[in-house]
There are 2 protein chains.
Amino acid sequence: MTNISRLRGFIQDMTRLAGENPAEERWLEEGAALLRGLVSHDDWLPAALAEPGPSYRQYLLHCDPLERFSVVSFVWGIGQRTPVHNHKVWGLVGMLRGSEVSVTMHPEPGGPMRTGEVDHLKPGEVVGVGSGEEDIHWVENAVADKPSISIHVYGGNIGAIERHTFNPETSARKRFVSGYTNAEVPNLWDRSAEMA
Amino acid sequence: MTNISRLRGFIQDMTRLAGENPAEERWLEEGAALLRGLVSHDDWLPAALAEPGPSYRQYLLHCDPLERFSVVSFVWGIGQRTPVHNHKVWGLVGMLRGSEVSVTMHPEPGGPMRTGEVDHLKPGEVVGVGSGEEDIHWVENAVADKPSISIHVYGGNIGAIERHTFNPETSARKRFVSGYTNAEVPNLWDRSAEMA
Ligand SMILES: [Fe+3]
Ligand SMILES: [Fe+3]
Ligand SMILES: [Mg+2]
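Being a predicted model, the structure only gives us computed values, none of them experimental.

Things to note about the overall build of chain A
So, point 1. Counting its secondary structure elements, chain A contains three helices and twelve strands.
So, point 2. For chain A, whose C-alpha radius of gyration is 17 Å, the value lies close to the compact-globule estimate of 16 Å for 196 residues.
So, point 3. Out of the 196 residues in chain A, the part that is buried amounts to 54%.
So, point 4. Entry remark: accessible area of chain A is about 8,600 Å², with carbon and sulfur atoms responsible for 51%.
So, point 5. Charge-centre separation for chain A: the mean point of 18 positive side chains lies 3 Å from the mean point of 26 negative side chains.

Written out as structure tokens, the structure is:
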């Protein structure tokens, strides 16, 4: 039995924040505080949305109906990593389980990309990236023998944003719309068991 | 392949309406117009949410994160009907497929309930009920040999509202929290196939 009310409460708080039409700095500050609260417990993510697959999974947990933000569970199986990619919107990453490493990459026109900052994330940690910042990176599971899971929040419907992947050998970019792994999202709204 | 964008558009329009904090009359008028648009086509409901079961099904399609409204697919198998019940919030019913009949019931303290209005609903029709109106009724499939499906919109998270069922023999009422049939709702936000 998962404590799904934590996720429901987080989404309600984020929706109230969205209703105030906040500037990006407020999203990054107040959203990070809310996400820190969410990932400070690991008892709420439904098992189906924590399941690794043949490649990394991006399970939509919630998309704001006006597409002002989305919440995604990223599940890294053993040895799995993303392509080099960008985002186009602000993002927050909260580590729920295990550990991940993010490596910033800089395109060099006509040549191989230059490796930048290497950042490790531990359970309970939250990091944010503004939409104006250099945000090209790849991410991989930093744990050798177990899946890792991080909860991502983005300033839009991230699965439907036209963005790019990059070839690290040539810096060439390619159009990319990620979509989501799951065709169903959890029903957070059945409170009948709690109310029985 | 279902045309899920119709449901997505309906939910976005309803969410924009909710953002204007409308009085109940506006919900019943503008919401009804939107619902009429939705049920004027029968090409968008995912098959899993149109499936009859051993008793009538109430599949949550969407709950507003601030619980200002919810959208439910009611599926009546052959011969199926609800108990006599109330709602406590405004409601809109749009007939999508087949036909249903709603029978209003009036409690008579200490005795059998009195039968009121009998209303048949045909595909494309929409009816609304205010929260202040007498809204105790039962509903059943009006088609003898096929399932029927209606789309309901309520002024709250209907599956989590404490309301009542009624015994038609005695008018006695009993606490009722309906919940929902489904533990997952459709992911309306993966636009990647449309954008490919
Ligand atoms: Fe990323
Ligand atoms: Fe009803
Ligand atoms: Mg009629």
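What about the coordination of the iron ion (ligand 1)?
Residue and element names in this part refer to chain A.
So, point 1. Distances from the iron ion (ligand 1) to its protein donors, His85 (NE2), His87 (NE2) and His137 (NE2), fall at 2.1 to 2.2 Å.
So, point 2. Each donor residue of the iron ion (ligand 1) belongs to the same chain, with the gaps between them written as H-x1-H-x49-H. Of the two residues, His85 sits in strand β3 (residues 84–85) while His137 sits in strand β8 (residues 137–141), which places them 52 residues apart along the sequence. Like His85, the residue His137 is buried in the burial classification.

Structural notes on empty space enclosed by the protein
So, point 1. Taken as a whole and assessed by the stated rule, the structure comprises two cavities of 30 Å³ or more.
So, point 2. Estimated volume of the largest cavity: approximately 160 Å³.
So, point 3. Every residue lining the largest cavity is counted, 15 residues in all, and those nearest its centre are His62 and Val185 of chain A together with His62, Val185 and Trp189 of chain B.
So, point 4. Put simply, the parts of the chain that give the lining of the largest cavity at least two residues each are β1 (57–63) and β12 (184–186) of chain A together with β1 (57–63) and β12 (184–186) of chain B.

Remarks on helix α1 (residues 5–19) of chain B
Residues and elements named next belong to chain B.
So, point 1. Its 15 residues place the ends of α1 21 Å apart at the C-alpha level, agreeing with the 21 Å of an ideal helix rising 1.5 Å per residue.
So, point 2. Those residues of α1 that sit buried are Leu7, Arg8, Phe10, Ile11, Gln12, Met14, Thr15, Leu17 and Ala18.
So, point 3. Residues of α1 that are buried make contact with α2 (24–39), β1, β2 (70–76), β9 (148–154) and α3 (192–195).

Some points on the relation of the copies chain A and chain B
So, point 1. Under the fitted operation, chain A is carried onto chain B by 0.0 Å of movement along the axis and a turn of 180°, and the coordinates agree to an RMSD of 0.0 Å. Taken together, the rotation and translation describe the operation of a two-fold axis.

Topic: the sheet that holds strand β7 (residues 126–129) of chain A
Within a sheet, adjacent strands bond to each other through the backbone by hydrogen bonds, running parallel or antiparallel.
Residues and elements named next belong to chain A.
So, point 1. Strands sit in the order β1-β2-β9-β4-β7 across an open sheet of five strands; the sheet is antiparallel. Edge positions in the sheet fall to β1 and β7, since each of these pairs with one other strand and no more. Strand after strand, the sheet turns through a mean of 20° between neighbouring axes, direction not considered.
So, point 2. The pairing of strand β4 (residues 91–97) with β7 spans four bridges and is antiparallel. Within β7, the position partnered with Val93 by the bridge is Val127.
So, point 3. Relative to β4, helix α2 (residues 24–39) is tilted by about 10°, and along the sheet it contacts β4, β7 and β9 (148–154).

What about the pattern of salt bridges?
So, point 1. Taken as a whole and judged by the stated rule, the model has 22 salt bridges over all chains.
So, point 2. Measuring nitrogen to oxygen at the nearest pair gives 3.0 Å for the salt bridge that ties Glu194 of chain B to Arg8 of chain B. You can see Glu194 of chain B sitting in helix α3 and its partner Arg8 of chain B sitting in helix α1, a full 186 residues away along the chain.
So, point 3. Residue Arg114 of chain B pairs with Glu108 of chain B through a salt bridge whose shortest N-O separation is 2.7 Å.
So, point 4. Judged by relative accessible area, Glu108 of chain B falls into the partly exposed class, the value being 31%.
So, point 5. Taken together, the shared-partner salt bridges connect Glu20, Arg26 and Glu30 of chain A into one network.

Re the side chain of Ser73 of chain B
All names here are of chain B.
So, point 1. With respect to the element layout, Ser73 can be found in strand β2.
So, point 2. On the accessibility criterion, Ser73 (0% relative accessible area) is buried.
So, point 3. A polar side-chain atom of Ser73 sits 2.9 Å from the main-chain carbonyl oxygen of Leu49.
So, point 4. Other than its neighbours up to four places away in sequence, Ser73 contacts Leu45, Leu49, Arg57, Gln58, Tyr59, Leu61, Ile149, Ser150 and Ile151.

Basis of the calculations
- Residues numbered from 1 in each chain as written.
- Chains lettered and ligands numbered in written order.
- Predicted model: local features only at pLDDT ≥ 70, side-chain atom pairs only at ≥ 80, totals over all residues.
- Heavy atoms only, no water.
- Helix = DSSP H or I, 4+ residues; strand = E, 2+ residues; numbered from the N terminus.
- Rg over C-alpha atoms; globule rule 2.2 N^0.38 Å.
- Buried < 20%, exposed > 50% of the residue type's maximum accessible area, 1.4 Å probe, protein only.
- Areas by Shrake-Rupley, 256 points an atom, 1.4 Å probe, with all protein chains shown as cover.
- Lys, Arg positive; Asp, Glu negative; His and termini not counted.
- Charge placed at Lys NZ, Arg CZ, Asp CG, Glu CD.
- Donors = N, O, S within 2.8 Å, 3.2 Å for Na, K, Ca; no water.
- 1 Å grid on protein atoms, 1.4 Å probe; cavity = no way out; pocket = protein on both sides within 12 Å on 5 of 7 lines; lining within 4 Å.
- Points joined across faces, edges and corners; volume = space filled by probe spheres on them.
- Expected span 1.5 Å × (residues − 1).
- Contact = heavy atoms within 4.5 Å.
- Least-squares fit on C-alpha atoms with pLDDT ≥ 70 in both.
- Pairing = 2+ DSSP bridges.
- Axes fitted to C-alpha atoms, helices over the stretch in contact; angles between N-to-C directions.
- Salt bridge = Lys/Arg side-chain N within 4 Å of Asp/Glu carboxyl O.
- Polar contact = N/O pair within 3.5 Å; in protein donor to acceptor, adjacent residues only side chain to side chain.

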